[in-house]
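Examination of the molecular architecture
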Amino acid sequence: AQSVTQLDSHVSVSEGTPVLLRCNYSSSYSPSLFWYVQHPNKGLQLLLKYTSAATLVKGINGFEAEFKKSETSFHLTKPSAHMSDAAEYFCVVSDDYGQNFVFGPGTRLSVLP
Amino acid sequence: DGGITQSPKYLFRKEGQNVTLSCEQNLNHDAMYWYRQDPGQGLRLIYYSQIVNDFQKGDIAEGYSVSREKKESFPLTVTSAQKNPTAFYLCASSSTGVSYNEQFFGPGTRLTVL
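Structural notes, computed from the coordinates. Every chain's residues receive numbers from 1 upward, in the order its sequence appears when written. Labels are handed out in written order, letters beginning with A for the chains and numbers beginning with 1 for the ligands. Two thresholds apply to this predicted model, a pLDDT of at least 70 for residue-level local features and 80 or more for giving and counting side-chain atom pairs, whereas whole-chain, interface and lining totals are computed over all residues. Side-chain measures here rest on the full set of heavy atoms in the structure, leaving out hydrogens and waters.

**Describing the nonpolar core**
The term nonpolar core refers to a set of buried residues drawn from Ala, Val, Leu, Ile, Met, Phe, Trp, Tyr and Cys, joined through side-chain atoms within 4.5 Å. Burial classes: relative accessible area under 20% of the type maximum marks a residue as buried, over 50% as exposed, and values in between as partly exposed (1.4 Å probe, protein chains only). The biggest cluster of nonpolar side chains holds 27 residues, and the ones touching the most others in it are Trp35(A), Leu48(A), Phe74(A), Leu76(A) and Tyr89(A). Broken down by element, this core gets its largest block of residues, 4 residues, from strand E10 (residues 87–94) of chain A. By size, the runner-up hydrophobic cluster in this structure holds 19 residues, among which are Leu11(B), Tyr64(B), Phe74(B) and Leu76(B). Numbered from the N terminus, helices here are DSSP runs of H or I no shorter than four residues, and strands are runs of E no shorter than two.

The following block contains the structure:
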């Protein structure tokens, strides 16, 4: 069985400071891992995905995530937060053939001026 | 443009009524999904379908029904048996049999029971 833990339900940062959103996963398979962002009353948008080609994955809007198999982690980072980054972020794991998507509970990111 | 559409954006239901939420995709995806999201909560899977004319219950299927008569369409009916249907409903689709394929999400439908 697969599972995802997002260690922080809420993260607050100041504009221009780094962002770190933590995600740990459990999977019996070689996992596919994703980060999605959701702005209020909107659908989810894919930020990035791990495809095994590289452990450091770059996504949209300056976000990146590093896959660490030994730590079963896939933390999301951004060097400098922008006000528009304030949103809910979801870490997702799926099996090899994308037939079983498991969502983490989400982390709400607040960006203070 | 390829994508997923959901309609309506807002829906109001009186107690005892059935309502149907529409989800259409033109991405040629085999798999489609319905999720429910409550305030401050993550996503919970209601139903999913991996092929036309076949679908499976997710974690919270009670009080909901679906059909998959066409590849492009996966409507969700919220029945009167669903005791607390007020929530944000998200539809998604994905390809199947391909490694590392992601889900694509629609913009959502907010259902409110009056």
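**Brief notes about empty space enclosed by the protein**
We place a 1 Å grid over just the protein atoms. Points where a 1.4 Å probe fits but has no way out form a cavity, open points with protein on both sides within 12 Å along at least 5 of 7 lines form a pocket, and any residue with an atom within 4 Å of a point lines it. Grid points are joined across faces, edges and corners, and a volume is the space filled by probe spheres set on the points. Counted by the stated rule, this structure contains 1 cavity of 30 Å³ or more. Quantified by volume, the largest cavity comes out at close to 40 Å³. Forming the boundary of the largest cavity are Asn41(A), Lys9(B), Tyr10(B), Phe88(B), Pro107(B), Gly108(B), Thr109(B) and Arg110(B). Residue composition of the lining of the largest cavity, by class: 3 nonpolar, 3 polar and 2 charged. Here the term charged refers only to Asp, Glu, Lys and Arg, the term nonpolar to Ala, Val, Leu, Ile, Met, Phe, Trp, Tyr, Cys and Pro, and the term polar to all other amino acids, Gly among them.

**Some words on the layout of surface pockets**
The rolling of a water-molecule-sized probe over the atoms marks out the regions of remaining empty space. Volume-wise, the largest pocket comes out at about 380 Å³. Together, 19 residues line the largest pocket, and Gln38(A), Glu88(A), Gln37(B), Pro39(B) and Gly40(B) are the ones closest to its centre. If one sorts the elements of the lining of the largest pocket by residue count, E10(A) sits on top with 3 residues. Classifying every residue of the lining of the largest pocket by side-chain character gives 7 nonpolar, 8 polar and 4 charged. In this structure, the second largest pocket occupies an estimated 230 Å³ of space. Listed by contribution, the elements that provide at least two residues to the lining of the second largest pocket are strand E11 (101–103) of chain A together with strand E4 (31–37) and strand E5 (43–51) of chain B. The element best represented in the lining of the second largest pocket is E5(B), accounting for 4 residues. Classifying every residue of the lining of the second largest pocket gives 8 nonpolar, 2 polar and 2 charged.

**Here's the deal with the pattern of salt bridges**
Here a salt bridge means any side-chain nitrogen of Lys or Arg lying within 4 Å of a carboxyl oxygen belonging to Asp or Glu. Evaluated as defined, the whole model comprises 7 salt bridges over all chains. Note that Arg22(A) and Asp8(A) form a salt bridge whose closest N and O atoms lie 3.0 Å from each other. Of the two residues, Arg22(A) sits in the loop between strand E3 (19–21) and strand E4 (23–26) while Asp8(A) sits in the loop between strand E1 (3–6) and strand E2 (10–14), which places them 14 residues apart along the sequence. You can call Arg22(A) partly exposed: its relative accessible area is 31%. Residues joined by salt bridges that share partners form a network here, namely Arg36(B), Asp38(B) and Arg44(B).

**A few points about the interface of chain B and chain A**
Contacts are assigned to residue pairs that have any heavy atoms within 4.5 Å of one another. Taken residue by residue, the interface counts 23 residues in chain B and 23 residues in chain A. Buried area is calculated as the accessible area (1.4 Å probe) missing from two parts once they are joined, with the contributions of both summed. Buried surface at the junction of chain B and chain A, summed over both partners, amounts to about 1800 Å²; 50% is from carbon and sulfur atoms. When residues of chain B are sorted by the area they lose upon contact with chain A, Tyr100(B), Glu102(B) and Phe105(B) head the list and together hold 34% of the total. Inspection of the chain B/chain A interface yields 1 salt bridge. In this structure, Glu102(B) and Lys49(A) form a salt bridge, with 2.6 Å as the shortest nitrogen-oxygen distance. The definition of a polar contact used here is a pair of N or O atoms within 3.5 Å, where within protein one atom must be able to donate a hydrogen and the other to accept one, and adjacent residues in sequence count solely through side-chain atom pairs. Taken together, the connections running from chain B to chain A amount to 4 residue pairs in polar contact (both at pLDDT 80 or more).

No statement about biological role is implied by the geometric values presented.
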